[in-house]
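Summary of the model geometry
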Number of protein chains: 2
Amino acid sequence: MPKPITRTYSRYTLNALALMGNQIREGRIAANFTADALAQRAGISRSLLQRIEKGDPGCTIGAVFEVAAILGIPLFEADSKILTTRLAYSNEKQALLPKAVRPSGRAVKDDF
Amino acid sequence: MPKPITRTYSRYTLNALALMGNQIREGRIAANFTADALAQRAGISRSLLQRIEKGDPGCTIGAVFEVAAILGIPLFEADSKILTTRLAYSNEKQALLPKAVRPSGRAVKDDF
DNA sequence: ATCTTATGGGTTATTAATGAGTCATTTTAT
DNA sequence: ATAAAATGACTCATTAATAACCCATAAGAT
């Protein structure tokens, strides 16, 4: 049905977004890319790239990560190979985790 | 005017998104949060959280980062304090950078 | 200085993301 | 085994994100 209008973000989130935007801008300038050129290469519009560099929380994460990837900015401090390895390990780990969570009014057994 | 329909993502981007989704799911289970509970806490819907945990590139980055922040998953491998420091440093750096780019030859870096 | 162009900041039409709901299935506890 | 609840996987209406413009200004080169 209807939707909430505004959304709030923690300072931590906003700072992380601002930092990512800065890194992208720095990377773009270092690579001597024009805003138009980089946007075109990433398959997005210049106006979106502007918002990304500004750290706008409303940008889709796929667009942001793709731009970062093009500029060679490491996500999770990992290059392609390490990322793949970590993902595989993470997937195995998932299989061992419980599939559903029981919200604990009684998480801990205190009947002793 | 009209807009492109589909969007393509590099493998690196998709892997990074999948890893982030996994980390969020692991964090949620570790914190003994139900999907509903975590979504409510982050101010998003359960269906969106499901997509986030799946690594959907179409989610807004603010929503994803906010969930990560709630679970204590470090962005940029940095806690709040370090993040703030790094952002401040990054901002100073920005001031020294050229404001506009003059496209010279081409500097591409798409080998990730 | 002039000229060229990249950028910032808007506006608008359209597409896509989101919230809310439902239902079936799975999971966990009893 | 049974029950209760969490999850997965869809819909659909509405809102928000995006692309494509626009113009004004600032930045860089000559």
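Residues numbered from 1 in each chain as written. Chains lettered and ligands numbered in written order. Predicted model: local features only at pLDDT ≥ 70, side-chain atom pairs only at ≥ 80, totals over all residues. Heavy atoms only, no water.

**Describing the relation of the copies chain A and chain B**
Once turned by 180° and shifted 0.0 Å along the axis, chain A lies on chain B with an RMSD of 0.1 Å. Both chain copies can therefore be described as sitting about a two-fold axis. A shared interface surface links the copies, since 94% of the contact residues of chain A are contact residues in chain B too. (Least-squares fit on C-alpha atoms with pLDDT ≥ 70 in both. Contact = heavy atoms within 4.5 Å.)

**A word on the protein's contact with DNA strand D**
Near DNA strand D, the surroundings consist of 34 residues, among which A:S45, A:T60, B:R7, B:R25 and B:R28 are the closest. When atoms of DNA strand D within 4 Å of the protein are sorted by moiety, sugar and phosphate together comprise 73%. With respect to DNA strand D, the side chain of A:R102 contributes an N or O atom lying 3.5 Å from a sugar or linking oxygen. Note that a phosphate oxygen of DNA strand D is positioned 2.6 Å from one of the side-chain N or O atoms of B:R7. (Near = heavy atom within 4 Å. Polar contact = N/O pair within 3.5 Å; in protein donor to acceptor, adjacent residues only side chain to side chain.)

**Description of the interface of chain A and chain B**
With 63 residues of chain A at the interface, the matching set in chain B holds 64 residues. Here chain A meets chain B over a buried area of about 5,400 Å², counting both sides, of which 59% is carbon and sulfur. Sorting the residues of chain A by area buried against chain B places A:Y12, A:I61 and A:V101 first, and these three jointly supply 13% of that buried surface. Taken together, the links from chain A to chain B amount to 2 salt bridges. For the salt bridge of B:E26 with A:K93, the shortest nitrogen-to-oxygen distance reads 3.5 Å. Among the secondary structure elements, those contributing two or more residues to the side of chain A that touches chain B are α1 (11–30), α4 (61–70) and α5 (80–96) of chain A. Ranked by residue count, the leading element in the side of chain A that touches chain B is α1(A), at 14 residues. For the side of chain A that touches chain B, the residue count by class is 32 nonpolar, 18 polar and 13 charged. (Buried area = accessible area lost by both parts, 1.4 Å probe. Salt bridge = Lys/Arg side-chain N within 4 Å of Asp/Glu carboxyl O. Helix = DSSP H or I, 4+ residues; strand = E, 2+ residues; numbered from the N terminus. Nonpolar A, V, L, I, M, F, W, Y, C, P; charged D, E, K, R; others polar.)

**A short note on the environment of A:I73**
Position of A:I73 relative to the elements: it lies in the loop between α4 and α5. On the accessibility criterion, A:I73 (11% relative accessible area) is buried. Along the backbone, A:I73 and A:Q23 are 50 residues apart, and their C-alpha atoms lie at a distance of 7.7 Å. Apart from the residues lying within four places of it in its own chain, the contact partners of A:I73 are A:Q23, A:I24, A:A68 and B:Y12. (Buried < 20%, exposed > 50% of the residue type's maximum accessible area, 1.4 Å probe, protein only.)

**A closer look at the protein's contact with DNA strand C**
Near DNA strand C lie 35 residues; those nearest to it are A:R7, A:R25, A:R28, B:S45 and B:T60. In DNA strand C, the atoms that sit within 4 Å of the protein are 73% sugar and phosphate, with bases accounting for the remainder. Interatomic distance of 2.5 Å between a side-chain N/O atom of A:R7 and a phosphate oxygen of DNA strand C. Of all the secondary structure elements, the ones that give two or more residues to the surface near DNA strand C are α1 and α3 (46–54) of chain A together with α3 (46–54) of chain B. Here the surface near DNA strand C gets 4 residues from one element, more than from any other, and that element is α3(B). Grouping the constituent residues of the surface near DNA strand C by class yields 14 nonpolar, 8 polar and 13 charged.

**Considerations on the side chain of A:E66**
Tracing the backbone through its elements, the reader meets A:E66 in helix α4. Here A:E66 occupies a buried position and makes no salt bridge, while the nearest side chain of opposite charge, A:R41, is found at 8.5 Å. When residues no more than four places from it in sequence are discounted, the contact partners of A:E66 are A:A42, B:T8, B:Y9, B:S10 and B:T13. (Lys, Arg positive; Asp, Glu negative; His and termini not counted.)

**Quick notes on the packing of α5(A) against helix α1 (residues 11–30) of chain B**
In the contact formed by α5(A) and α1(B), the axes pass within 9 Å of each other and the chain directions differ by 35°. Crossing of α5(A) against α1(B): the hand is left-handed. Here α5(A) contributes A:S80, A:L83, A:T84, A:R86, A:L87, A:S90, A:N91, A:K93 and A:Q94 to the contact with α1(B), which in turn contributes B:Y12, B:N15, B:A16, B:A18, B:L19, B:N22, B:Q23, B:R25 and B:E26. (Axes fitted to C-alpha atoms, helices over the stretch in contact; angles between N-to-C directions. Left-handed = near helix turned anticlockwise from the far one by under 90°.)

**A word on α3(A)**
Given 3.6 residues per turn, any residue in an α-helix points the same way as the ones three and four places further on. All names here are of chain A. Along α3, the residues that are buried comprise L48, L49, I52 and E53. Mapping the buried residues of α3 onto a view down its axis gives an arc of 140°, with all of them on the same face. For α3, the secondary structure elements touched by its buried residues are α1, α2 (35–42) and α4. Two residues or fewer after α3 comes G55, characterised by a positive phi angle close to 85°. (Arc of directions from axis to C-beta.)

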